[in-house]
There are 6 protein chains.
Amino acid sequence: MEERKASGSLTIMTEIVLPNDTNVFGNLMGGRLMYWMDIAAALAAQKHCNAPVVTASVDNISFENPIKLGNAVHIEAKVTRAFNTSMEIHLKVWGEDLTQQFKYKSNEAYYTFVALDPHRKPKVVPQLFPETEEEKKLFDGALRRRQLRLILGGKLKPKDATELKALFVKD
Amino acid sequence: MEERKASGSLTIMTEIVLPNDTNVFGNLMGGRLMYWMDIAAALAAQKHCNAPVVTASVDNISFENPIKLGNAVHIEAKVTRAFNTSMEIHLKVWGEDLTQQFKYKSNEAYYTFVALDPHRKPKVVPQLFPETEEEKKLFDGALRRRQLRLILGGKLKPKDATELKALFVKD
Amino acid sequence: MEERKASGSLTIMTEIVLPNDTNVFGNLMGGRLMYWMDIAAALAAQKHCNAPVVTASVDNISFENPIKLGNAVHIEAKVTRAFNTSMEIHLKVWGEDLTQQFKYKSNEAYYTFVALDPHRKPKVVPQLFPETEEEKKLFDGALRRRQLRLILGGKLKPKDATELKALFVKD
Amino acid sequence: MEERKASGSLTIMTEIVLPNDTNVFGNLMGGRLMYWMDIAAALAAQKHCNAPVVTASVDNISFENPIKLGNAVHIEAKVTRAFNTSMEIHLKVWGEDLTQQFKYKSNEAYYTFVALDPHRKPKVVPQLFPETEEEKKLFDGALRRRQLRLILGGKLKPKDATELKALFVKD
Amino acid sequence: MEERKASGSLTIMTEIVLPNDTNVFGNLMGGRLMYWMDIAAALAAQKHCNAPVVTASVDNISFENPIKLGNAVHIEAKVTRAFNTSMEIHLKVWGEDLTQQFKYKSNEAYYTFVALDPHRKPKVVPQLFPETEEEKKLFDGALRRRQLRLILGGKLKPKDATELKALFVKD
Amino acid sequence: MEERKASGSLTIMTEIVLPNDTNVFGNLMGGRLMYWMDIAAALAAQKHCNAPVVTASVDNISFENPIKLGNAVHIEAKVTRAFNTSMEIHLKVWGEDLTQQFKYKSNEAYYTFVALDPHRKPKVVPQLFPETEEEKKLFDGALRRRQLRLILGGKLKPKDATELKALFVKD
């Protein structure tokens, strides 16, 4: 199975914040944004593996600036690394007030998807190779984030998470 | 400002999986579920603080079992601990096939919300006191999860995360 | 076929009123509420009979207090009595202004559902036994409400509705 | 305030049953239909009184034939009688399989709406005069249905419901 | 295959403009209106040919007056002419402010649909005969509009569009 | 007022076809697609003029290949030319079956938007200058398409449409 470029999975989504997407302050609700991010990430994963995918996990997300009613929502999703049957997708989200010509960051996030075969069993996916500096950095960090996911999911003991442990012990 | 019981914030939400909530396998999409969880968590937070709230962050979520088209989705949300102006909410999510009388876990998650005053500034919230064993355990773990959120958000250095560090260094 | 407790069918649904659910006064539209009530009642009926169900009828509903944009909507549904292939479900609906800590009744209602087998034919359902005082009162009233439904549906003559007739003739 | 013809309020609505409107049998959910009926009835009431309206009550509805995915839903709504600040609206609903050229009745129903002034207080509405035989019959029956609503809402004692009482006592 | 009257395909749709249908000015978005028009036109086409249909093309649409939040949207759709496997549908759209008793034109449009057989192949449809003056005028104009569609779709050279050419060359 | 590059308005939207977007054949409904196109085009127009915009007109659209349930929908929108207060936007739409690695054209279209000032009056927009060959070709064709729109809208006589006339008279 051939390796594939990270850039081949890039997915760009643009939405507009409509009234029903907002809370009482007229700002985009976090849940609505996570819904859009899930779809963008699923499309990026499917571009990479050419198979149906399902959401396996979502890493910590911090919402920095609220996105306002009528503003544009920009989402960029790209696969950072492929494991055996799963893929980690990096998302960048920002809002844009088109009248004020003002762009602002909303959040960055990592979603993990698993590819499925027609019998709904996990399916091996092509490996990914990163090309740019940013892609390489995201590729390298993917291992550490994966260990953290395994610990948080109760599938790995902290003391066995070699990469993560280093962070806490040294300096 | 008086303290409040954890149990006072309990919010129970039940939904049914409709066609538009599903992927090509007829299973609930992760993003749609996170949308419902966000609303359940917001209601629990508002019950605790009696003020409008906004989603500040979402911790790692692992999706365990897919919830099928036509099945019921059960979400229970309860505040675990109040900090100064923020609250951590614990969510339990499970699916139920009412015809087969079969219940299955989907995931557990932590959302954090910030209370706002009418000028949209963070507002101090009442402290929470846990009563049951489970509430006390969640209350205690909230500090550790908060440190992790701060590290992941780049606002705390791993070496200063005393509680977390212990996990990696000892045993 | 074993009898089942009324309490086993209890279904609790919580929703939040979003902009698209409201009329020009910013209040929840009656039709939107009846849609949510239909889903809550269907879930309660399915819990009782473990089979797919379809809405057979809805009794008179009076809307008492409007539920406002941003408020919570609480719906509790419980089966009151099972007939041969149908079940009557009692619903209580109230709104809650979480900021003002104010709860107010919206309405009470009765929906009737029919259970179906895989060939879409009506299917016999387990009988229900009421335990609490309220459940017993609802169980007893179910016969009278059923006569009224049959009269209103043109399937029973008023003079043959023994239970109802008593109400109009005596005192 | 001038009287108005019943025919002036006629509202015709046509919808198509889409996947998200259906239950597991591929039939239109009762709650979704009541949502559309509420909008059709509100439009008929607003045509009559030229003011915003809110749903006050819904009479018993029996669903006769399921409406299938992809079929057309036809709703006709017309005011039957105006009381002081409220109006009763009669609705006829049928489905249509356009490929099979087959029309089938779903249900008939009565919704009651109240007109509001800009301060959200009930507002006097023009009286209605019926012209056709059917309109006259509906106009006459409106009083009886109103008594029934008042009894069911606990605002009138059965023994004082003169019109209704006759039904049960004679023959 | 028998001919059919134009009037047999008349489809009347009424909608209300809800918050999520509007732009920042509180006016119905053009795209939302085209969505409703597509459904009304599809129903008219299906009434004529009694087969499933798909949208083949939409002619120029000019939006004249914005339709406001809370106003009614009226759509009338009627087949103007049947070609071999396709049908042209004429739509009239107007808004209505029910409180002000004010009706205003939004637009007129032509949609073209193709009928499909169960193998998803184009299917011959019954011919249409117009009865009223307006129906005859629309029937005659259909040929000219069809030539224009073919030119705009790159399937006909302007010089071969006999009917259209006359418009530009004479007077 | 400075001129702006065409490329500055480029808007990329990606959607996935969900069940409720489809007709009985499981293909994206034309009306749903036009809704998304309207939003993409509005965003492109707003990027160019930094003001709220409303849809003024939509040119002929021919739907070439149906987009299937679960497939991705790609929409690219870019302003082709600015007139006094209006802008023409060119849209390219294609579907993608991510599993089969197959992309297919759906349609190309032109939407026209008008910029509004805070009093909802048309507002002068910056002129556009095209850079690439394709942008220049679209810029030049915009005049001809505008004449056609004016003729079709009854605001220009065919004989006065100098550019268009040439097409029909010569060769």
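Up top is the structure.
Quick caveat, the model's predicted, so the values are computed rather than measured.

A. The arrangement of the overall build of chain A in detail. A count of helices and strands for chain A gives 3 helices and 8 strands. Counted from the first residue to the last, chain A has its helices and strands arranged as β-β-α-β-β-β-β-β-β-α-α. Seen along its three principal axes, the alpha-carbon backbone of chain A occupies a region of about 50 × 45 × 30 Å. The proportion of buried residues among the 171 residues of chain A is 59%. Within chain A, contacts between residues at least 6 apart in sequence are counted, and of these 69% link residues at least 24 apart. As displayed, chain A has an accessible area near 7200 Å², and 52% of this comes from carbon and sulfur atoms. Averaging the positions of the 24 positive and the 21 negative side-chain charges in chain A gives two centres separated by 6 Å.

B. Quick peek at the interface of chain B and chain A. With 40 residues of chain B at the contact, the number on the chain A side is 39 residues. Roughly 3400 Å² is buried in total at the junction of chain B and chain A, and carbon and sulfur atoms are behind 65% of that figure. Three residues, B:Phe25, B:Asn60 and B:Phe168, lead the burial of chain B against chain A; their summed loss comes to 23% of the area buried on that side. Applying the counting rule to chain B against chain A returns 0 salt bridges. Applying the counting rule to chain B against chain A returns 11 residue pairs in polar contact (both at pLDDT 80 or more). Elements with a contribution of two residues or more to the side of chain B that touches chain A: helix H1 (30-49), strand E3 (53-58), strand E4 (61-62), helix H2 (133-152) and helix H3 (162-169) of chain B.

C. Fine view of the interface of chain C and chain D. Contacts between chain C and chain D engage 40 residues on the former and 39 residues on the latter. Of all residues in chain C, the largest losses of buried area upon contact with chain D belong to C:Phe25, C:Asn60 and C:Phe168, amounting jointly to 24% of the total for that side. For the pair chain C and chain D, the number of links is 11 residue pairs in polar contact (both at pLDDT 80 or more). At the level of secondary structure, the elements contributing two or more residues to the side of chain C that touches chain D comprise helix H1 (30-49), strand E3 (53-58), strand E4 (61-62), helix H2 (133-152) and helix H3 (162-169) of chain C. Tallied by class, the residues present in the side of chain C that touches chain D amount to 22 nonpolar, 8 polar and 10 charged. The pairing of E3(C) with strand E4 (residues 61-62) of chain D spans 2 bridges and is antiparallel. Within E4(D), the position partnered with C:Val58 by the bridge is D:Ile61.

D. Region of interest: unusual backbone geometry. Although it is not a glycine, D:Asn50 adopts a positive phi angle of roughly 50°. In this structure D:Asn50 comes out as buried when scored by relative accessible area, which is 11%.

E. Representation of the pairing of strand E3 (residues 53-58) of chain E. Bridge analysis of E3(E) against strand E7 (residues 102-115) of chain E gives 5 bridges, and the strand direction is antiparallel. From the neighbouring strand, E:Ser57 faces E7(E), where its bridge partner is E:Thr112.

F. Representation of the packing of aromatic side chains. Summed over all chains, the structure comprises 12 aromatic pairs over all chains. The ring of E:Phe83 has E:Arg146 sitting right over it, with the charged end atom 4.4 Å from the ring centre.

G. Looking closely at the environment of F:Pro126. Residue and element names in this part refer to chain F. Note on placement: Pro126 falls in the loop between strand E7 (102-115) and strand E8 (128-129). By relative accessible area, which is 5% here, Pro126 ends up buried. Apart from the residues within four sequence positions on either side, Pro126 is in contact with Met1, Glu2, Arg4, His48, Cys49 and Ala82.

H. Spatial organisation of the sheet that holds strand E4 (residues 61-62) of chain E. The antiparallel open sheet is built from 6 strands, whose spatial order is E4(E)-E3(F)-E7(F)-E6(F)-E5(F)-E2(F). Each edge of the open sheet carries a strand with a single partner, namely E4 of chain E together with strand E2 (11-16) of chain F. Strands in contact with helix H1 (residues 30-49) of chain F are E2, strand E3 (53-58), strand E5 (72-82), strand E6 (86-97) and E7 of chain F; relative to E5(F), the strand with the most contacts, it is inclined by about 40°. Sheet contacts for helix H2 (residues 133-152) of chain F: E3, E5, E6 and E7 of chain F; angle to E5(F), the most-contacted strand, approximately 80°.

I. The environment of B:His48, seen in detail. Residues and elements named next belong to chain B. Tracing the chain through its elements places His48 in helix H1. On the basis of relative accessibility, which here comes to 2%, the residue His48 falls in the buried class. When near neighbours in sequence (up to four residues on either side) are disregarded, His48 contacts Arg4, Ser9, Val79, Ala82, Met87, Pro126, Gln127 and Leu128.

J. Fine view of the relation of the copies chain B and chain A. Between chain B and chain A, the superposition needs a rotation of 180° and an axial shift of 0.0 Å, giving an RMSD of 0.0 Å. In symmetry terms, the pair is related by a two-fold rotation axis. Relative to the rotation axis, the closest C-alpha in chain B is found at B:Asn60, a distance of 2.4 Å. Here 98% of the contact residues of chain B are again contact residues in chain A; the copies associate through an equivalent surface.

K. View of the relation of the copies chain C and chain D. Its rotation angle being 180°, the transformation that places chain C on chain D also includes 0.0 Å of axial translation and leaves an RMSD of 0.0 Å. A share of 98% of interface residues in chain C that are also interface residues in chain D marks the association as one of identical surfaces.

L. Layout of the sheet that holds strand E3 (residues 53-58) of chain D. Across the sheet, 6 strands lie side by side as E4(C)-E3(D)-E7(D)-E6(D)-E5(D)-E2(D); this open sheet has antiparallel pairing. Whereas interior strands pair on both sides, the edge strands pair on one side only; in this sheet they are E4 of chain C together with strand E2 (11-16) of chain D. Helix H1 (residues 30-49) of chain D rests against E2, E3, strand E5 (72-82), strand E6 (86-97) and strand E7 (102-115) of chain D of the sheet, and its axis sits at about 40° to E5(D).

M. Expanded view of the pairing of E2(D). All names here are of chain D. Along E2, 5 of the 6 residues are buried, which leaves the element largely enclosed by surrounding structure. Direction of pairing for E2 relative to E5: antiparallel, over a ladder of 6 bridges. For Met13, the partnering residue across the bridge sits in E5 and is Ile75.

N. View of the side chain of F:Glu135. Residues and elements named next belong to chain F. In this structure, Glu135 sits in helix H2. A distance of 2.8 Å separates a polar side-chain atom of Glu135 from the backbone nitrogen of Glu131. Once residues lying within four places of it in the same chain are set aside, the contact partners of Glu135 are Ala6, Ser7, Lys78 and Pro130.

O. Here's a closer look at the packing of helix H1 (residues 30-49) of chain E against H1(F). Viewed as axis vectors pointing N to C, H1(E) and H1(F) meet at an angle of 175°, and their least axial separation amounts to 8 Å. Here H1(E) is positioned roughly antiparallel relative to H1(F), judged by the angle of their axes. Residues E:Gly30, E:Gly31, E:Arg32, E:Met34, E:Tyr35 and E:Asp38 of H1(E) lie in contact with H1(F), whose contacting residues are F:Gly30, F:Gly31, F:Arg32, F:Met34, F:Tyr35 and F:Asp38. In the contact of H1(E) with H1(F), the residues fall into 4 nonpolar, 4 polar and 4 charged.

What counts as what
Residues numbered from 1 in each chain as written. Chains lettered and ligands numbered in written order. Predicted model: local features only at pLDDT ≥ 70, side-chain atom pairs only at ≥ 80, totals over all residues. Heavy atoms only, no water. Helix = DSSP H or I, 4+ residues; strand = E, 2+ residues; numbered from the N terminus. Buried < 20%, exposed > 50% of the residue type's maximum accessible area, 1.4 Å probe, protein only. Contact = heavy atoms within 4.5 Å. Areas by Shrake-Rupley, 256 points an atom, 1.4 Å probe, with all protein chains shown as cover. Lys, Arg positive; Asp, Glu negative; His and termini not counted. Charge placed at Lys NZ, Arg CZ, Asp CG, Glu CD. Buried area = accessible area lost by both parts, 1.4 Å probe. Salt bridge = Lys/Arg side-chain N within 4 Å of Asp/Glu carboxyl O. Polar contact = N/O pair within 3.5 Å; in protein donor to acceptor, adjacent residues only side chain to side chain. Nonpolar A, V, L, I, M, F, W, Y, C, P; charged D, E, K, R; others polar. Pairing = 2+ DSSP bridges. Phe/Tyr/Trp six-rings, centres within 6.5 Å; stacked < 30°, edge-to-face > 60°. Lys NZ or Arg CZ within 6 Å of the ring centre and 35° of its normal. Axes fitted to C-alpha atoms, helices over the stretch in contact; angles between N-to-C directions. Least-squares fit on C-alpha atoms with pLDDT ≥ 70 in both. Parallel < 35°, antiparallel > 145°, perpendicular 65-115°, else oblique.

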